[in-house]
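Secondary and tertiary structure notes
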Amino acid sequence: MSNNQLTSLLPIPSGPLQISELTPISMGVGSKSIHLSLVIPTYKERDNIKNVVSVLSQLLDEAIPGNYELIVVDDDSPDRTWEVAQSLMEIYPQLQVMRRQHERGLSSAVIRGWQVARGRVLGVIDGDLQHPPEVLTQLFSAIEQGADLAVASRHVEGGGVSSWSVVRRFLSRGAQVLGLTILPGVLGRVSDPMSGYFMVRRNAIAAITLNPVGYKILLEVIGRGRVGEIAEVGYVFCERKEGESKVTWKQYIDYIHHLLRLRISTGRLGKLSRKTNFPIGRFLRFGLVGLSGVFVDMTVLYLLSDPTTLAWPLTRSKIIAGEIAICNNFLWNDAWTFADVSINQQEWRHRLKRFFKFNIVCLAGLVLNVLVLNLIFNFLIPNRYIANFIAIAVATIWNFWVNLKLSWRVTDVK
Ligand code: GDD
Ligand code: MN
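Residues numbered from 1 in each chain as written. Chains lettered and ligands numbered in written order. Predicted model: local features only at pLDDT ≥ 70, side-chain atom pairs only at ≥ 80, totals over all residues. Heavy atoms only, no water.

Listed as protein donors to the manganese ion (ligand 2) are Asp 128 (OD) and Gln 130 (OE1); their distances from the metal cover 1.9 to 2.0 Å. Judged on exposure class, the residue Asp 128 and its partner Gln 130 are both buried. (Donors = N, O, S within 2.8 Å, 3.2 Å for Na, K, Ca; no water. Buried < 20%, exposed > 50% of the residue type's maximum accessible area, 1.4 Å probe, protein only.)

Structure, rendered in structure tokens:
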């Protein structure tokens, strides 16, 4: 292998977050499967990465020589962690590095790393030495003894946290209790569902589309994977020596978002959605956004046309209120309801095109709304509120369906 090949970065997988079964084709010609692929997600870990790689290599060289790989997945850290990691590849031949420039987030980083992995067992460990490396060998032997998943836990024998404040302990436990209420079937299976230090047998998660938000990748693995036996190994979460934690309030929001998403897609609604092939989750989000639009419309209408405020003419006020509501709905739908589509089409040209189409579709929806209302009220149900309710439902389904097919269409295949 030439020097250039030796130190080149890993290709970044795109498309759905799905791990393939190990087949000669998926691995490429000439490569063979190995026992363990360990992903190290990093963001601004320049001062830690060398130590982490060195300690892990030493440990695994002894335990399973030549049968493991370390995959650093860095999200284009401004401190150039990826570059430091890359420079280590010559000394540590088991090390590979991925530099992601378009996608962000801890959980997806881990999955992208697993997607290029060759191991029959897939693992993850933090890149800041807060997870004691010695536990690795215990996790690995738990899998060898038959577990599908082996989790390093702070809450079993031998586990703990080093010097956490009461507030932090409380927040951590509070998050766990909240999770237990929303998703008992997932969080109830392990003592430390927040752990980011674990190994899983590849075939427990292969060929399943994962869809995590934020930090807690383990929830996704237990929630969607085919995980039978679970083993837990105690560990003490050490203090950081270099760099700083990336946890902010956003991770708490992401966590709740993730819980709800898993709840919906693994629950009864998710099953119905798959059976009927109708995107129920998306439709619910679209409906919720629509509801927010009603409030925006009402508020603006009040501000513009009410005699106590601006007292503008009703029709003019309504047109402005309606258009502002449409803008509101568009922004939320683009950032949330159809985020998976719009994230790949972020240029202004594309955004404007979507906005334009959304406007047209909503306008047509309004016409449909009025038509249906009149039809039902005059010929079927002589109650204007019931008739209006049905008309709104019909228009919402129309708006949703046509926008799904027209405005947020996957157009550019990279
Ligand atoms: N690629 C990538 N992208 N890596 C990230 C990102 C990201 O957006 N955010 C954080 N990381 C990396 C960090 O560099 C570190 O190696 C690891 O993920 C954990 O991040 P910390 O910011 O150090 O989190 P923590 O110390 O609060 O750890 C908590 O989360 C861990 C991961 O789920 C604890 O709950 C741990 O038990 C848990 O393992
Ligand atoms: Mn940390």
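This next bit is on the nonpolar core. Counting residues in hydrophobic clusters, the biggest one holds 39 residues, and the most contacted among them are Leu 36, Leu 56, Leu 60, Leu 70, Leu 95, Leu 139 and Met 199. Within the residue set of this core, elements represented by two or more residues are strand S2 (34-42), helix H3 (46-63), strand S3 (68-74), helix H4 (81-88), strand S4 (95-99), helix H6 (135-144), strand S6 (149-153) and strand S10 (230-234). No other element matches H6, which puts six residues into this core. Leu 56 has contacts with Leu 38, Ile 40, Leu 70, Ile 125, Pro 133 and Leu 136, leaving out every residue within four places of it along the chain. Ile 205, Ile 208, Leu 219 and Ile 222 belong to the second largest nonpolar core, which has 38 residues in total. (Core = buried A, V, L, I, M, F, W, Y, C linked by side-chain atoms within 4.5 Å. Helix = DSSP H or I, 4+ residues; strand = E, 2+ residues; numbered from the N terminus. Contact = heavy atoms within 4.5 Å.)

Across the eight residues that make up helix H10 (residues 217-224), a large majority, seven, are buried. Residues of H10 that are buried include every one of Ile 217, Leu 218, Leu 219, Glu 220, Val 221, Ile 222 and Arg 224, and no others.

With that settled, consider the sheet that holds S10. Strand order in the open sheet formed by seven strands is S4-S3-S2-S5-S8-S6-S10, and the pairing between neighbours is mixed. The open sheet terminates on both sides in strands that have one partner only, identified here as S4 and S10. Across the sheet, the mean angle separating the axes of adjacent strands is 20 degrees when strand polarity is ignored. Where H3 meets the sheet, it contacts S2, S3 and S4, and its direction lies at approximately 165 degrees from that of S3. Across the sheet, helix H5 (residues 106-115) lies against S2, S3, S4, strand S5 (119-124) and strand S8 (198-201), angled at about 150 degrees from S2, the strand it touches most. (Pairing = 2+ DSSP bridges. Axes fitted to C-alpha atoms, helices over the stretch in contact; angles between N-to-C directions.)

On to the packing of aromatic side chains. Enumeration according to the criterion identifies 16 aromatic pairs in this entry. Ring geometry for Trp 114 and Phe 198: centres 6.1 Å apart, planes at 75 degrees, overall edge-to-face. With Trp 114 in helix H5 and Phe 198 in strand S8, the pair connects residues that are 84 residues apart, well separated along the chain. Neither residue differs from the other here; Trp 114 and Phe 198 are each classed as buried. With centroids separated by 5.1 Å and ring planes inclined at 75 degrees, the aromatic side chains of Phe 283 and Phe 400 adopt a geometry described as edge-to-face. Residue Phe 283 is located in helix H13 (residues 280-305), and its partner Phe 400 is located in helix H17 (residues 384-406); the two are separated by 117 residues in the primary sequence. (Phe/Tyr/Trp six-rings, centres within 6.5 Å; stacked < 30°, edge-to-face > 60°.)

We now examine the packing of H10 against helix H11 (residues 249-266). Close contact between H10 and H11 brings their axes to 11 Å; oriented N to C, the two are set at 5 degrees. With respect to each other, H10 and H11 are oriented roughly parallel. In contact with Leu 219, Glu 220, Gly 223 and Arg 224 of H10, H11 contributes Tyr 255, His 258, Leu 259, Arg 261, Leu 262, Ser 265 and Thr 266. Counted by class, the contact of H10 with H11 contains four nonpolar, four polar and three charged residues. (Parallel < 35°, antiparallel > 145°, perpendicular 65-115°, else oblique. Nonpolar A, V, L, I, M, F, W, Y, C, P; charged D, E, K, R; others polar.)

Residues Val 167, Leu 171, Val 247, Trp 249, Tyr 252 and Ile 253 make up a contiguous nonpolar surface patch of about 630 Å² in total accessible area. Looking at the nonpolar patch, the elements with two or more residues in it are helix H7 (166-182) and H11. By residue number, the principal contributor to the nonpolar patch is H11, which donates three residues. Here Val 247 lies in the loop between strand S11 (236-237) and H11. (Patch = residues over 30% accessible without salt bridge, like charges linked within 9 Å, V, L, I, M, F, W, Y side chains within 5 Å. Areas by Shrake-Rupley, 256 points an atom, 1.4 Å probe, with all protein chains shown as cover. Salt bridge = Lys/Arg side-chain N within 4 Å of Asp/Glu carboxyl O.)

Let us now look at unusual backbone geometry. For Arg 80, which is not glycine, the phi torsion reads 60 degrees and is therefore positive. Assignment of secondary structure puts Arg 80 in the loop between S3 and H4. Despite not being glycine, Leu 129 has its phi angle at roughly 65 degrees, a positive value. Along the chain, Leu 129 falls in the loop between S5 and H6. A residue is classified by how much of its surface remains accessible, and Leu 129, at 27% relative accessible area, is partly exposed.

Here the chain is described as being made up of domain 1 (3-266) and domain 2 (283-407). Centre-to-centre, using C-alpha coordinates, domain 1 lies 42 Å away from domain 2. (Domains from an automatic or database assignment.)

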